[in-house]
Amino acid sequence: MESSLFSKPKEVFLDIVDAKDYIQLDSVSTIYQSLKNSVKKPLKMILLYGRPGTGKSMLLQKLYQDLSKHQKVIIYHTPLVDEEEFLRSLARDIYSYDIDSEINFTRFNELSNHYSFDIVPLVLLDEAQLYSSALMEKIRLLSDSRKIKFVITLHKTEKEDIIAKEHFQTRIWESIELKNSSHAELKIYIQKKLMKANCFDIANMFDDKNSKLIHSLTSGNYRYTNKLLFSLFHILHWYEEHQPSKINYQHVSNKMIEMAAIDAGFIDA
Amino acid sequence: MLNVQELERKWLRYKIRSYLPYIIVSVSVIALSLFAFLYSSSTEDITKNTIQTQNSTPVVKKQEILKTAKPVKMTVTKEVITVDENKNKNRVMITPSLNFIETLKNMPKERVIPVKKERPKKTLKPTKNSSDVKVVEHKDIPKITYKNTKTVSLEKKKPVHANFSINTKQEEADIQDVIRRFKNNKNPALSLFVAKRFYIIKRYTEAYNYALATNELNSEIEESWIIAAKSLYKLNREQEAVRLLNRFIDDSQSMRARMLLEQIRNGSVQ
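Residues numbered from 1 in each chain as written. Chains lettered and ligands numbered in written order. Predicted model: local features only at pLDDT ≥ 70, side-chain atom pairs only at ≥ 80, totals over all residues. Heavy atoms only, no water.

> Can you help me understand the overall build of chain B in this one?
Looking only at helices and strands, one finds nine helices and two strands in chain B. Secondary structure elements in chain B, listed N-terminal to C-terminal, are α-α-α-β-β-α-α-α-α-α-α. Within chain B, buried positions represent 28% of all 270 residues. Expressed as a percentage of contacts within chain B between residues at least 6 apart in sequence, the contacts between residues at least 24 apart total 53%. (Helix = DSSP H or I, 4+ residues; strand = E, 2+ residues; numbered from the N terminus. Buried < 20%, exposed > 50% of the residue type's maximum accessible area, 1.4 Å probe, protein only. Contact = heavy atoms within 4.5 Å.)

> Explain unusual backbone geometry here, please?
Residues apart from glycine generally show negative phi values, whereas peptide bonds are mostly found in trans. Residues and elements named next belong to chain B. Backbone geometry places Lys186, a non-glycine residue, at a positive phi of 55°. Note on placement: Lys186 falls in the loop between α4 (168-185) and α5 (188-200). Of note, Lys202 is a non-glycine position whose phi angle comes to about 70°, a positive value. Secondary-structure assignment places Lys202 in the loop between α5 and α6 (204-217).

> Would you explain the pattern of salt bridges in this entry?
Close approach of charged atoms allows side chains of opposite charge to pair. The final tally for this structure, using the stated rule, is 19 salt bridges over all chains. In this structure, the salt-bridge partner of Glu8 of chain B is Lys255 of chain A, at a minimum N-O distance of 3.6 Å. Taken together, the residues span two chains, with Glu8 of chain B in helix α1 (residues 4-68) and Lys255 of chain A in helix α12 (residues 254-264). A relative accessible area of 27% means that Lys255 of chain A is categorised as partly exposed. A network of salt bridges, in which partner residues are shared, links Glu137, Arg140 and Asp144 of chain A. (Salt bridge = Lys/Arg side-chain N within 4 Å of Asp/Glu carboxyl O.)

> Would you mind going over helix α5 (residues 105-113) of chain A with me for this structure?
Three or four residues apart is the spacing at which side chains of an α-helix point the same way, because the helix has 3.6 residues per turn. Residue and element names in this part refer to chain A. Within α5, the full set of buried residues consists of Phe105, Phe108, Leu111 and Ser112. Buried residues along α5 cover an arc of 115° about the axis, so they all sit on one side. Summarising the geometry of α5, the exposed residues directed more than 90 degrees from the buried face are Thr106 and Asn113. The secondary structure elements touched by the buried residues of α5 are α4 (83-95) and α6 (133-144). Capping the start of α5, Asn104 holds a side-chain oxygen 3.2 Å from the backbone nitrogen of Thr106, two or three residues further along. (Arc of directions from axis to C-beta. Polar contact = N/O pair within 3.5 Å; in protein donor to acceptor, adjacent residues only side chain to side chain.)

> Just checking my understanding: could you explain the nonpolar core for this structure?
A general feature of soluble globular proteins is that nonpolar side chains tend to end up buried together. By size, the foremost hydrophobic cluster in this structure holds 63 residues, and its most contacted members are Ile190, Leu194, Phe206, Leu232 and Phe233 of chain A. The dominant element in this core, judged by the number of residues it contributes, is helix α11 (residues 222-242) of chain A, at nine residues. Excluding residues within four positions of it along the chain, Ile190 of chain A makes contact with Phe13, Phe206, Ile214, Thr225 and Leu229 of chain A. Counting residues in each nonpolar core, the second largest holds 35 residues, with Phe182, Ala195, Trp225 and Val269 of chain B among its members. (Core = buried A, V, L, I, M, F, W, Y, C linked by side-chain atoms within 4.5 Å.)

> Hey, could you run me through the confidence of the model for chain B in this one?
Predicted coordinates in areas of low pLDDT are best not read in detail. Residue and element names in this part refer to chain B. Scored by pLDDT, chain B comes out at a mean of 69, with 54% of its residues at no less than 70. Here residues 56-89 is modelled with pLDDT under 50, and outside its nearest four sequence neighbours on either side it reaches 14 contacts, counting other chains as well. Note on residues 109-166: pLDDT is under 50 here. Beyond four places in sequence and across chains, it has 53 contacts. The ipTM, which scores confidence in the relative placement of chains, is 0.77 for this predicted complex, and the corresponding pTM is 0.54. (pLDDT = per-residue confidence, 0-100.)

> Hey, could you run me through the pairing of strand β3 (residues 122-125) of chain A in this one?
Put simply, side chains in a regular strand alternate between the two faces of the sheet. Residues and elements named next belong to chain A. What you see with β3 is no split at all: Leu122 and Leu124 on one side and Val123 and Leu125 on the other are buried throughout. Sheet topology note: the strand β2 (residues 73-76)/β3 ladder contains four bridges and is parallel. Opposite Val73, over in β3, you have Leu122 as the bridge partner. Here four bridges tie β3 to strand β4 (residues 149-155), and the two strands are oriented parallel to one another. Bridge assignment links Leu122 to a residue of β4, and that residue is Lys149. What joins β3 to β4 is α6, and the crossover it makes is right-handed. (Pairing = 2+ DSSP bridges. Right-handed = clockwise from strand over helix to strand, strands pointing away.)

> Mind showing me how you'd approach the interface of chain B and chain A here?
Quoted interface sizes are often the accessible area lost when the parts come together. Taken together, the contact pairs 11 residues of chain B with 14 residues of chain A. Buried surface at the junction of chain B and chain A, both sides included, amounts to about 1200 Å², of which 66% is carbon and sulfur. We note a salt bridge from Glu8 of chain B to Lys246 of chain A, for which the minimum N-O separation is 3.5 Å. Summed over the shared surface of chain B and chain A, the result is four residue pairs in polar contact (both at pLDDT 80 or more). (Buried area = accessible area lost by both parts, 1.4 Å probe.)

> Please explain the packing of aromatic side chains as it appears in this structure.
The geometry of an aromatic ring pair is captured by the separation of the ring centres together with the interplanar angle, meaning the angle of the planes. All names here are of chain B. The full count for this structure, using the stated rule, is 18 aromatic pairs over all chains. Ring centres of Phe35 and Tyr39 lie 6.3 Å apart, and the angle between their planes is 20°; on these two criteria the pair is classed as stacked. Placement of both Phe35 and Tyr39 in helix α1 is noted, with a separation of four residues, approximately one turn of the helix. Geometrically, the ring pair formed by Trp225 and Phe248 is stacked, given 4.5 Å between the ring centres and 20° between the ring planes. Of this pair, Trp225 sits in helix α7 (residues 222-234) while Phe248 sits in helix α8 (residues 238-252), and the two are 23 residues apart along the sequence. (Phe/Tyr/Trp six-rings, centres within 6.5 Å; stacked < 30°, edge-to-face > 60°.)

> Got a minute to help me understand a nonpolar patch on the surface in this structure?
A surface patch of nonpolar side chains, about 810 Å² in accessible area, is lined by Leu12, Ile16, Tyr19, Leu20, Tyr22, Ile23, Ile24 and Val27 of chain B. Inspection of the secondary structure puts Tyr19 of chain B in helix α1. (Patch = residues over 30% accessible without salt bridge, like charges linked within 9 Å, V, L, I, M, F, W, Y side chains within 5 Å. Areas by Shrake-Rupley, 256 points an atom, 1.4 Å probe, with all protein chains shown as cover.)

Here's what the structure looks like:
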């Protein structure tokens, strides 16, 4: 299995949010720089929104990795829907204060008044659309106190737009939208991702036609692209083991990509 | 568990399904084009057939008329024409010997001398005490003026050649006028008239030729045979004249031809 040409590329496209897998693309790089600049500003709250799979979590992870060396940064990938648990987690992670007894919003505010930082602690909340309205109101009040700075990510759906409107419109000082990639960016994304894993030959197998097809199947969504390519390399791996004569090592055939799309559920055959 | 065979089958199904709209559109376009082509060609055929039918119908009708309606005038005319053609094959005709017909056909119309329609009314009226005699006016006979003659009747007395003069100019103009009319309508009566006139003014070659032209148009005109034979005789081609008359007599039993033949043999042709 290890000797297979396609087993390593397959692992590259596993859908894992890891800052090490962050791919520097023009548009993403601009957004990231903009996000970093926003964090430095005295803003109470920053909203990062976009459709699922546009790289919000990855950006948040990247931001966490980059800023945690210089300031107090807390990241919550999984929403803490219970208010007490959320406040308890914040007290523990920001102030390193373990509260065994009951904690409420007033108690947490009293606690935060006892601590001061050179740089305001940054809390990164992924999937913020899952938080309850009451908790979101508490988060707003916390950010208004300027004791904690929040960067939250939201899925850009109609429903979540309403949430954003109701709870953050007047309080958010900066909002950044992430979009799906173009087919040119997607080609770079695939090739860079493969080259980062030293799969140079495989990276060269992708041409413009392939990237256009992949883009048409995934709409430039990074998560979908990862899923499709994982499936593609899984199929190629199978052919390499069972029918290697059917593999064109010069470039990836569109047939294989379409088969992967069927397997991954992008094509209903 | 990856089932590649099933995946390939699904892919094939997907490809067929994805190309199906294009195939349907292409087939539809081809079918429509084919239908349009066939329709247009069939329309053309129908039009052609209609035209052919329209053209052919009268022919059939004519044929039917020819076969069934014999007493009808038109068919009679048709039949006469065909009978004539058949008859002419066996009928004795004057052989053209002077290439006249060709000359006549190829002669440009511009060469025809324009003729004044007004005929000069220079008819001599007998004066009271005049000894001059006015020539008897005849429709087909040129106006001849006799001088120094005492007799009134022309039939009774032979005209003395030395004593009369012909108004040649007017005569020529009249003949040319008739020739022009003959060229236009090919009426054998006109050519016969011209032949007679030429014979009278002793232009026997032309007389023979116009008799020939008359005969060509209608070989049953006795006068054309007579003028032709007389002209040949006057041209010192007596043997030809005799042969011509014999052939005509064999065919028509013409009394006038017999009499002329007798005159030729006696040398009393006038």
